[in-house]
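Each chain, written out:
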Amino acid sequence: MNRMFKFFSKKLFGVKHEHLRKVFLIDLIVFSGLHIAGYRLTIAPFILYLMVSTFSVGVMWRSLASEDNAANMKNLFMLPFGARTFVFSYLSALGTYTLLTKTMGLLAVVLAVSSWSGTELLRHFACAVICSVNAVLMAACVYAWEKCRFAGVIWGGTVIAAAYLLGDTIVFLPVMVGNGLLSVLILAGTDTYAFYRQDSRGRHTVKGSRRHSVWRYLFRYLTAHKNYMMNTVVLWGAVCVLPIFFRQMFAQDFVGIKGRFVMPVGFVILSVNTPLGILLSCAPALEQAVRFLPGQGKAFCVPYILFLFSCNMTADLIFLCSFQLQIGGVNAAAVLTAAFFALFSAIGSVLLEWFFPIRGWKIENDLWHHPRKYIVPIAMLLLAGAVGGF
């Protein structure tokens with residue numbers, strides 16, 4: 001098992017685990033910087049547990065669904081192996097990757113700005129880690145239940161209800177540990193091939209066309225990668241409650257702030273649609289084909305900009321409608337500002353993809369959480385401050 005775990009871990013963390021050391025250093029710098037800043041938030045324990053669990057489930061699920069992992073597993077299946085050894089080595093590597101490189105970054109940010117200190121901080125940190133481990137194990141179980149996903153949804157809802165009801169009691173940790181052991185027992189009897197998925201692009205046959213169309217390609221790509229579409233739909237759903245969050249956050253001076261600063265900040269937040277902004281980075285074959293043919297830069301980038309602009313503008317319009325219904329004050333200037341931010345966010349994302357594509361990534365998860373995705377939002381946030389001041 002140790003040898004097989006090393007096979008998977010070297011791909012995720014590097015030959016000498018250099019990626020892991022770099023992530024730990026970044027998390028330490030982020031935690032120290034935010035903690036020294038002195039900004040504190042009151043965070044309910046249940047919200048912390050739900051936050052890290054949901055985040056861990058999402059990262060683990062995307063890791064399991066990675067097409068690059070499927071290709072490696074296909075090659076590995078040609079060698080003799082023990083089913084249980086393979087399952088636990090594979091899931092241990094992906095779980096360690098999820099917890100140490102992704103979830104720990106979230107915990108570093110949340111715990112640095114929390115109002116807890118001393119033993120209380122350590123207790124909530126330990127509970128959050130146990131919840132994250134539970135989430136990783138449960139995600140693996142539900143992923144393997146391809147035909148029984150509804151049972152996994154019920155199971156997850158039950159665990160969330162238990163965390164809500166028992167989060168501040170002494171029985172919370174034993175319940176979570178027991179649930180984790182149950183997940184391990186389920187995984188011990190899981191078939192190895194339950195974690196192998198064929199490349200989704202190979203299962204789709206599409207009708208040919210006499211004329212090329214970048215828009216057609218983008219829509220087909222999203223159809224083949226339903227997690228990209230789901231991320232966009234979830235973002236559009238979250239837009240509806242964003243005005244309520246802003247109103248609570250700026251309760252003391254909301255009337256003076258809302259017309260000058262809150263709307264542009266909302267437009268900036270809605271421009272962070274990671275999967276739609278990495279279509280060249282996550283498809284090296286497409287990038288090679290686009291760069292190889294003459295004149296393809298303009299032929300591809302212009303439709304790509306318009307595609308991102310339409311997605312950003314859709315989210316902004318939903319935000320403005322929700323803002324108008326809950327708060328009011330939306331006018332023609334707000335719509336024009338939304339169009340401005342949607343367009344320039346799209347242009348910035350495409351220029352980054354064209355001139356600075358992300359290379360050297362291990363699995364698709366590294367693309368979703370690459371620091372490059374914050375460059376355009378930060379630049380637009382500075383612009384939002386200038387617009388708000390003007």
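Residues numbered from 1 in each chain as written. Predicted model: local features only at pLDDT ≥ 70, side-chain atom pairs only at ≥ 80, totals over all residues. Heavy atoms only, no water.

Participant: Give me the lowdown on helix 7 (residues 149–166), citing residues and values where you can.
Facilitator: For helix 7, spanning 18 residues, the distance from its first C-alpha to its last is 26 Å, which sits close to the expected 26 Å at 1.5 Å a residue. Each element contacted by the buried residues of helix 7 is listed here: helix 3 (45–64), helix 6 (119–144) and helix 8 (172–188). (Helix = DSSP H or I, 4+ residues; strand = E, 2+ residues; numbered from the N terminus. Expected span 1.5 Å × (residues − 1). Contact = heavy atoms within 4.5 Å.)

Participant: For the environment of Gly237, give the residues involved together with the corresponding values.
Facilitator: Among the structural elements, Gly237 can be located in helix 10 (residues 226–239). Using a relative accessible area of 41% as the deciding quantity, one classes Gly237 as partly exposed. Taking the C-alpha atoms as reference points, Gly237 and Phe319, separated by 82 residues in sequence, lie 9.6 Å from one another. (Buried < 20%, exposed > 50% of the residue type's maximum accessible area, 1.4 Å probe, protein only.)

Participant: So, a nonpolar patch on the surface: which residues are in play, and what are the values?
Facilitator: A grouping of Trp215, Phe219, Val302 and Leu306 is seen on the molecular surface, where their side chains present a nonpolar patch of about 350 Å² in accessible area. Looking at the nonpolar patch, the elements with two or more residues in it are helix 9 (214–224) and helix 14 (296–326). Structurally, the position occupied by Val302 is in helix 14. Note on Val302: relative accessible area 42%, which makes it partly exposed. (Patch = residues over 30% accessible without salt bridge, like charges linked within 9 Å, V, L, I, M, F, W, Y side chains within 5 Å. Areas by Shrake-Rupley, 256 points an atom, 1.4 Å probe, with all protein chains shown as cover. Salt bridge = Lys/Arg side-chain N within 4 Å of Asp/Glu carboxyl O.)

Participant: Describe the nonpolar core, listing the residues and the values that go with them.
Facilitator: Core analysis: the largest hydrophobic core is formed by 46 residues, its most contacted members being Leu48, Leu64, Tyr90, Leu91, Leu187 and Phe195. Elements that contribute at least two residues to this core include exactly helix 1 (2–13), helix 3, helix 5 (83–113), helix 6, helix 7 and helix 8. Aside from chain neighbours lying at most four places away, what touches Leu48 is Ile43, Leu107, Val110, Leu111, Trp116, His124 and Ala128. (Core = buried A, V, L, I, M, F, W, Y, C linked by side-chain atoms within 4.5 Å.)

Participant: Residue-level account of the confidence of the model for the protein, with values.
Facilitator: Of all residues in the protein, 85% have pLDDT values of 70 or greater, and the mean over the chain is 79. Considering only residues more than four positions removed or in separate chains, one finds that residues 200–210, a stretch of pLDDT under 50, has 12 contacts. Considering only residues more than four positions removed or in separate chains, one finds that residues 254–259, a stretch of pLDDT under 50, has 11 contacts. (pLDDT = per-residue confidence, 0-100.)

Participant: Now, about the packing of aromatic side chains: what can you tell me, with residues and values included?
Facilitator: Following the criterion strictly, the structure yields 11 aromatic pairs and no others. Taking the centre distance of 5.0 Å and the plane angle of 80° together, the rings of Phe46 and Tyr164 count as edge-to-face. A residue pair is termed long-range when its members are at least 10 positions apart, and Phe46 in helix 3 and Tyr164 in helix 7 qualify at 118 residues. What makes Tyr164 exposed here is its relative accessible area of 57%. Aromatic rings pair up to connect Phe267, Phe319, Phe323, Phe340, Phe341 and Phe344 into one cluster. (Phe/Tyr/Trp six-rings, centres within 6.5 Å; stacked < 30°, edge-to-face > 60°.)

Participant: Got a sec to walk through the environment of Ile347? Specific residues and values, please.
Facilitator: Note that Ile347 resides in helix 15 (residues 332–355). For Ile347, a relative accessible area of 27% gives the class partly exposed. Between the C-alpha atom of Ile347 and that of Leu308, which follows or precedes it by 39 residues, the distance is 8.4 Å.

Participant: For the packing of helix 5 against helix 6, give the residues involved together with the corresponding values.
Facilitator: Relative to each other, helix 5 and helix 6 sit at 145°, their axes nearing to 10 Å. Crossing of helix 5 over helix 6 shows right-handed handedness. Here helix 5 contributes Leu91, Gly95, Thr98, Leu99, Thr103, Met104, Leu107 and Leu111 to the contact with helix 6, which in turn contributes Leu121, Phe125, Ala128, Val129, Ser132, Val133, Val136 and Ala140. Its residues assigned to classes, the contact of helix 5 with helix 6 comprises 12 nonpolar, 4 polar and no charged. (Axes fitted to C-alpha atoms, helices over the stretch in contact; angles between N-to-C directions. Left-handed = near helix turned anticlockwise from the far one by under 90°. Nonpolar A, V, L, I, M, F, W, Y, C, P; charged D, E, K, R; others polar.)

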